[in-house]
Amino acid sequence: MHPRLLTVPAFDLLGRSVGPFTLHAYGFLLAVAFLAGLWVVSRQAKRAGLDAGRVTDMAVWVLIAGLVGAKVLLVAVDWAYFGRNPREILSIFQSGGVFYGGLIGGILVAWWYARRYHLPGWQTADVLAPGVVLGQAIGRLGCFAAGCCWGKATQVPWAVTFTDVYAARAVGTPMDMAVHPSQLYEAFGAFLIFLFLLWLAPRKGFHGQVALAYVALYSMVRFGLEFLRGDPDRGAWLGGSVSTSQIIAAVLLLGVAVLLPRIRKAQSIAGAASAKGHDAPRPTA
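Quantities reported herein were computed from a predicted structural model and do not represent experimental measurements.

### A short note on the overall build of the protein chain
The secondary structure content of the protein chain amounts to nine helices and four strands. Each helix (α) and strand (β) of the protein chain, taken in turn from the N terminus, gives the series β-β-α-α-α-α-α-β-α-β-α-α-α. Relative to its 285 residues, the protein chain shows a buried fraction of 42%. Across the protein chain, contacts joining residues at least 24 apart in sequence account for 68% of those joining residues at least 6 apart. Looking at the protein chain as shown, the accessible area adds up to about 15700 Å², and 67% of this sits on carbon and sulfur atoms.

### Quick notes on the packing of aromatic side chains
Within the structure shown, the criterion is met by seven aromatic pairs. Between Tyr113 and Tyr117, the ring centres sit 4.6 Å apart and the planes meet at 40°, which makes this aromatic pair tilted. The class for Tyr117 is partly exposed, based on a relative accessible area of 30%. Note on Phe223 and Phe227: the rings are 5.7 Å apart at their centroids and 75° apart in plane angle, and the pair reads as edge-to-face.

### What to know about the packing of helix H4 (residues 99–116) against helix H8 (residues 209–225)
With their axes 13 Å apart at the nearest point, H4 and H8 run at an angle of 165° to one another. In terms of axis orientation, H4 runs roughly antiparallel to H8. Crossing of H4 over H8 shows left-handed handedness. Only Tyr214, Tyr218, Ser219 and Arg222 of H8 make contact with H4, whose side of the interface consists of Phe99, Tyr100 and Leu103. When its residues are assigned to classes, the contact of H4 with H8 shows five nonpolar, one polar and one charged.

### Here we look at the packing of helix H1 (residues 25–48) against helix H5 (residues 121–146)
At a closest axis distance of 8 Å, the pairing of H1 and H5 adopts a crossing angle of 160°. By the angle between their axes, H1 is roughly antiparallel relative to H5. Where H1 crosses over H5, the two elements pack in a sense that is right-handed.

### With respect to H5
In this model H5 runs 36 Å from its N-terminal to its C-terminal C-alpha over 26 residues, within 8% of the 38 Å that 1.5 Å per residue would give. At Leu128, H5 shows its maximal kink, close to 30°; a proline, Pro130, follows between one and four residues later. H5 sits mainly inside the fold: 21 of its 26 residues count as buried. Downstream of H5 by one or two residues, Gly147 has phi in the positive range, about 90°.

### Observations concerning a nonpolar patch on the surface
Nonpolar side chains collect at one region of the surface, where Val60, Trp61, Ile64, Val68 and Val72 lie side by side and expose about 450 Å² of accessible area between them. Structurally, Ile64 is set in helix H2 (residues 52–77). With a relative accessible area of 38%, Ile64 lands in the partly exposed category.

### Observations regarding the environment of His207
Turning to its location among the elements, His207 is positioned in the loop between helix H7 (182–200) and H8. Residues His207 and Gly121, 86 residues apart in the sequence, show an inter-C-alpha distance of 8.7 Å. In contact with His207, not counting residues within four places along its chain, are Trp122, Gln123, Asp126, Ile263 and Gln267. One polar contact links His207 to Lys204, side chain to side chain, over a distance of 3.2 Å.

### Examining the nonpolar core
One broad trend across soluble globular proteins is that nonpolar side chains are buried collectively. The biggest cluster of nonpolar side chains holds 32 residues, and the ones touching the most others in it are Tyr100, Val133, Leu197 and Tyr214. The biggest single contributor to this core is H8, with seven residues. Here Tyr100 is in contact with Leu73, Tyr218, Ser219, Arg222, Ser245, Ile248, Ala249 and Leu252, once residues within four sequence places are set aside. In terms of nonpolar packing, the next biggest core, distinct from the first, is built from 15 residues, Leu50, Leu119, Val127 and Leu128 among them.

### Some words on the side chain of Thr124
With respect to the helices and strands, the residue Thr124 is situated in helix H5. A distance of 2.6 Å separates a polar side-chain atom of Thr124 from the backbone oxygen of Pro120. Setting aside its immediate chain neighbours within four residues, Thr124 contacts Leu50, Val55, Met58 and Leu119.

### Things to note about the confidence of the model for the protein chain
Model confidence for the protein chain is summarised by a mean pLDDT of 83, while 81% of its residues fall at 70 or above. Across the protein chain, the element-wise mean pLDDT spans from 63 in helix H3 (residues 79–84) up to 97 in H7.

### Describing H8
Compared with an ideal rise of 1.5 Å per residue, which puts 17 residues at 24 Å, H8 spans 24 Å between its outermost C-alpha atoms and is within 8% of the ideal. Where H8 is concerned, the buried positions are Val210, Ala211, Leu212, Ala213, Tyr214, Val215, Ala216, Tyr218, Ser219, Arg222 and Leu225.

Criteria and thresholds
Every chain begins its residue count from 1, and numbering advances along the sequence as written. This being a predicted model, a pLDDT of at least 70 is required before a residue's local features are given, and a value of 80 or more before pairs of side-chain atoms are given or counted; all residues contribute to the totals for chains, interfaces and linings. The side-chain numbers reported here are obtained from all heavy atoms of the structure, hydrogens and water having been left aside. Under the DSSP-based scheme used, a helix requires at least four consecutive residues in state H or I and a strand at least two consecutive residues in state E, with every element numbered from the N terminus. Only protein chains enter the calculation, and the probe is 1.4 Å; a residue is then buried if its accessible area is under 20% of its type maximum, exposed if over 50%, and partly exposed in between. The criterion used for residue contact is that any of the two residues' heavy atoms lie within 4.5 Å. Here, Shrake-Rupley sampling with a 1.4 Å probe gives the accessible areas, and only protein chains in the shown set may cover a residue. By convention, a stacked pair of Phe, Tyr or Trp rings (six-membered ring in the case of Trp) has centres within 6.5 Å and planes under 30 degrees apart, an edge-to-face pair has planes over 60 apart, and any other such pair is tilted. Comment: axis = line fitted to C-alpha atoms, over the contacting stretch for helices; angle = value between 0 and 180 degrees taken between N-to-C directions. Angular relationships are summarised with four words: roughly parallel below 35 degrees, roughly antiparallel beyond 145, roughly perpendicular across 65 to 115, and oblique for the angles in between. With the far helix as reference, a near helix turned anticlockwise by less than a right angle produces a left-handed crossing, and one turned clockwise produces a right-handed crossing. Under the grouping applied here, Gly and all other residues not named as nonpolar or charged are polar, the nonpolar ones being Ala, Val, Leu, Ile, Met, Phe, Trp, Tyr, Cys and Pro and the charged ones Asp, Glu, Lys and Arg. Helix span, as expected, comes to 1.5 Å for every residue beyond the first. In this scheme, the bend at a residue equals the angle between the axes fitted to the seven residues that finish there and the seven that begin there. Residues forming no salt bridge and having over 30% relative accessible area are the ones grouped into patches, like charges within 9 Å of each other and nonpolar side chains (Val, Leu, Ile, Met, Phe, Trp, Tyr) within 5 Å. For this analysis, a salt bridge means a side-chain nitrogen from Lys or Arg found within 4 Å of a carboxyl oxygen belonging to Asp or Glu. Polar contacts, as counted here, are pairs of nitrogen or oxygen atoms within 3.5 Å of one another; within protein the pair requires one atom able to donate a hydrogen and one able to accept it, and residues that are adjacent in sequence qualify only if both atoms are side-chain atoms. By nonpolar core is meant a set of buried Ala, Val, Leu, Ile, Met, Phe, Trp, Tyr and Cys residues that side-chain atoms within 4.5 Å join together. Each residue carries a pLDDT score, the predictor's own confidence in it, on a scale running from 0 to 100.

In structure tokens, the structure reads:
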């Protein structure tokens, strides 16, 4: 756990000290996640025969919307804290937000961008999905470094103990207590999903299958991991037995179950109609 990678003196243009500059581990790994995700999206777009430049531009806007959406949902869920500490709303480079807020924000911007520039919606979503989940995997390593999103107390052999006072002050990380490394669990799960999506992409049966597989698999992983999370103020529903993220995960799983057969059937009918049109005899002069 290293919430700060380095701290150096900072000076203005006149050489006057303006205090130390701190490079936070979370912010650094967030930048790495951005670059890795964009690289994957660019490669996937080329393989899918899409305009790689246009899709990469779209991915940049989706990532920005994801950051904003994640922070907005975090503020909404934990308004009691942010209402008292409004400056903490801008602390995106020390710790993140609620991922599902980022996912919803990213989907809305992706939908708008695809319509604005006439990109094939589901095919573009398939291209974006592997890059998004790889960014998640790296981002959760940033959470582990920052000390946020920690797990419940446990005595399992692989439990971790946070000892950095700076992290305790910044995000409330519990000190000297063995907890589940929930951030690493999610990073590992997201990386496995990433590998599966890369395998699925060239083998998919219809456009949208990769994107829907990502949503379904991540929702299942997240629903289970929430039972091991120990950080407070994540929203409480049904008498406190489930969190906001679990409610969203359940809704998304239901949505995938409804959408998947409909999209597959619609594309199958469209493909059959197209094939029939090509096979029809042409009139002779």
